[in-house]
Every structure is written in structure tokens, then in C-alpha cells.
Amino acid sequence: MSGASADAPVTLQGEDIPYDVWHATALPGADVAFSHPGNVSAYLDDKPLRTDEQFSAPEEPGTYDLEFRSRQGDVLHEVAFFVLEPARKIDKSGRLNGFRMGEYPQNDPEGFIRLDEGQGDVKVSPSFRIGQFLCHQQPDHWPKYLLISSSNLDRLEILLDSLRDDGLTEADTFFVMSGFRSPFYNTAIGSAKLSRHMYGDATDVYVDVAPKDGVMDDINGDGVVNKEDSNFLYDYAEDLFADADSAPKGGLGSYSANAVHGPFVHVDGRGHVARWGR
């Protein structure tokens, strides 16, 4: 699934771009470092970048298209480039342009991805769209704000790709039951005070394609859908990540169904191993 490059990896902000479809973030006007082989060209919103070392992020928060193309014009990497809305714009009531952000208990982010109406289909990796990670609050309010995590998205891609390779699902994505949560929303639902969801690096997911009915598939094949399916997915992911040296480290949790939702698995990219619920 990794994106092809001509002679050497294309790097962005000091990291190799891992897939042909990816994402990046920067504050307005920030210097963005990148590099690519001599027979690859970079374009921001279809305008060529004249250097192979760095460019200045646009001053206006929003979504931009960053592409790396071969000499023949083929797109090698398509990057959703998000210029963040600075966190300093949150007002005294805890709102960012009317979006109820609330107050972070620690480690305040520097900024947030701004998403305007109609932008939910922007792809941030081969199998995921930005709209899948929106917070479940203020459904009719725009713009909305969120964060996403490269390490967690990489974990999700690795897990989904392996499930497909092993013939366990034909899903083209996971159903993301919960992605980003603003501190306001996180508090409102009584979640953990330091929940990784507030930082965009946690997701509650399940496989839902056979049939597509809003609950976890019978992924363990025992004829019923229950916590054994989330346990199966948890165990599969734990074994996979233990053997995949290149996979970012993070958390896994297994959850049973309740009156509101079916069974699901929590996946996060916190940077160290954490396990619960099994």
C-alpha cells in the first residue's frame, strides 16, 4: 500500500510519506520541510513549489491539496494538507468560531483542523476520510474542528490491510464509532479525563460490511455478534502489532455491546503499549 517514489522516499516534515494517500498539518505561515528525488515535483493546490527544501504554509486555515508527481505527471503521493486554526482563537467561553471546544486538562494543542461543510470526503489515508473522525456534537454547526493522528491512522491501515489479506473481511474501511472528541464533549459523556480521543489519536472501530447494519460483523464466524467478536478483533490486532516492528505502538481495548451500540475495539496511537477489556 505504500506509495511509489522514483529513486528515494519523499519526505514531509522529516518523515517518509508512508502511503500514496496521506495527510499533514501545519500552523498558518509555518515553514514546512520536504524533500523528493530530482525527477519528482511538488505542487500545492496545483501550483508548483520551486524548492525541494521547504515552503511556507498558507496563512488561511483550511484544506489544501499537496501532490508529489513524477516527471510523466503521475501522482505518487496525494496529501491532504491542513492549515490549522490556531488554538489561541478559542474565546473565553471555550468556543472556536462557535464550535464548543471546552478546556484541555493538559497539553493544549497548538491548533485544530478546520472542516467546512462538504469537506468530509477528503481522504487522509488510503482507507479513511476526514469526516469519519468528526466529534458527535453540534451536527448543524459549521465550521467543525478536530484533530487526527498519523500514528493511529497508520495502525488502522495496517490492521485493516492485514484483515483483508487474511480473508477475514472485504471492508474498504472500518466504521469509526468515535474519533475526535472535544474536551467539552468528552466531559459531557463522562469519558476519561485524559482521554486520547481529545488529541485525535484514539478511535473506537468495528467491521461492518456483511451485512452493513450498524453493528460489528460476525468476524469470528460463530454465528452470533457479541463481545467474542470484539475479543477476536482485539486478539488479532494484538498479535499483529506485536509482530509488526514498523507499526507505531499504542493502545487496544475490547468492549461489549450495550443498549446504545454493538461491540467494538478501541485503537489508539499513544506511543506505548496499553491493553484493557479483554
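Residues numbered from 1 in each chain as written. Predicted model: local features only at pLDDT ≥ 70, side-chain atom pairs only at ≥ 80, totals over all residues. Heavy atoms only, no water.

**Considerations on the packing of aromatic side chains**
Here comes step 1: For the structure on display, the rule yields 11 aromatic pairs.
Here comes step 2: An aromatic cluster of at least three residues, connected via ring pairs, comprises Phe34, Phe55, Phe68 and Phe81.
Here comes step 3: Residue placement shows Arg69 over the ring face of Tyr43; its charged tip is 3.9 Å from the ring centre.
Here comes step 4: Taking the ring centre of Trp142 as reference, the NZ or CZ of Lys144 above it sits at 4.6 Å. (Phe/Tyr/Trp six-rings, centres within 6.5 Å; stacked < 30°, edge-to-face > 60°. Lys NZ or Arg CZ within 6 Å of the ring centre and 35° of its normal.)

**A few points about the environment of Ile219**
Here comes step 1: Looking at the element boundaries, Ile219 is found in the loop between β18 (202-206) and α3 (227-243).
Here comes step 2: For the pair Ile219 and Leu163, spaced 56 residues apart in sequence, the C-alpha separation works out to 10.0 Å.
Here comes step 3: Excluding anything up to four places from it in sequence, Ile219 contacts Leu163, Leu168, Val207, Asp229, Phe232 and Leu233. (Helix = DSSP H or I, 4+ residues; strand = E, 2+ residues; numbered from the N terminus. Contact = heavy atoms within 4.5 Å.)

**Things to note about empty space enclosed by the protein**
A probe matching the size of a water molecule, rolled over the atoms, marks out where space remains unfilled.
Here comes step 1: Inspection of the entire model under this criterion finds one cavity of 30 Å³ or more.
Here comes step 2: Of the volumes computed, that of the largest cavity is approximately 50 Å³.
Here comes step 3: Lining the largest cavity are Phe133, Leu147, Ile148, Ser149, Asn152, Leu153, Leu156, Gly200, Ala202 and Thr203.
Here comes step 4: A per-element tally of the lining of the largest cavity places helix α1 (residues 150-165) first, with three residues.
Here comes step 5: Here the residues of the lining of the largest cavity are counted per class, giving six nonpolar, four polar and no charged. (1 Å grid on protein atoms, 1.4 Å probe; cavity = no way out; pocket = protein on both sides within 12 Å on 5 of 7 lines; lining within 4 Å. Points joined across faces, edges and corners; volume = space filled by probe spheres on them. Nonpolar A, V, L, I, M, F, W, Y, C, P; charged D, E, K, R; others polar.)

**Looking at unusual backbone geometry**
Here comes step 1: In this structure, the amide linkage connecting Trp142 to the following residue, Pro143, adopts the cis form with an omega of 0°.
Here comes step 2: By the secondary structure assignment, Pro143 is in the loop between β15 (128-129) and β16 (144-146).
Here comes step 3: The linkage connecting Ala210 with the following residue, Pro211, adopts the cis geometry, with an omega of -5°.
Here comes step 4: With respect to the element layout, Pro211 can be found in the loop between β18 and α3.
Here comes step 5: Of note, Asn97 is a non-glycine position whose phi angle comes to about 50°, a positive value.
Here comes step 6: Along the polypeptide, Asn97 turns up in the loop between β11 (95-96) and β12 (99-100).
Here comes step 7: On the accessibility criterion, Asn97 (44% relative accessible area) is partly exposed.
Here comes step 8: A positive phi angle, close to 45°, is found at Gln138, a residue other than glycine. (Buried < 20%, exposed > 50% of the residue type's maximum accessible area, 1.4 Å probe, protein only.)

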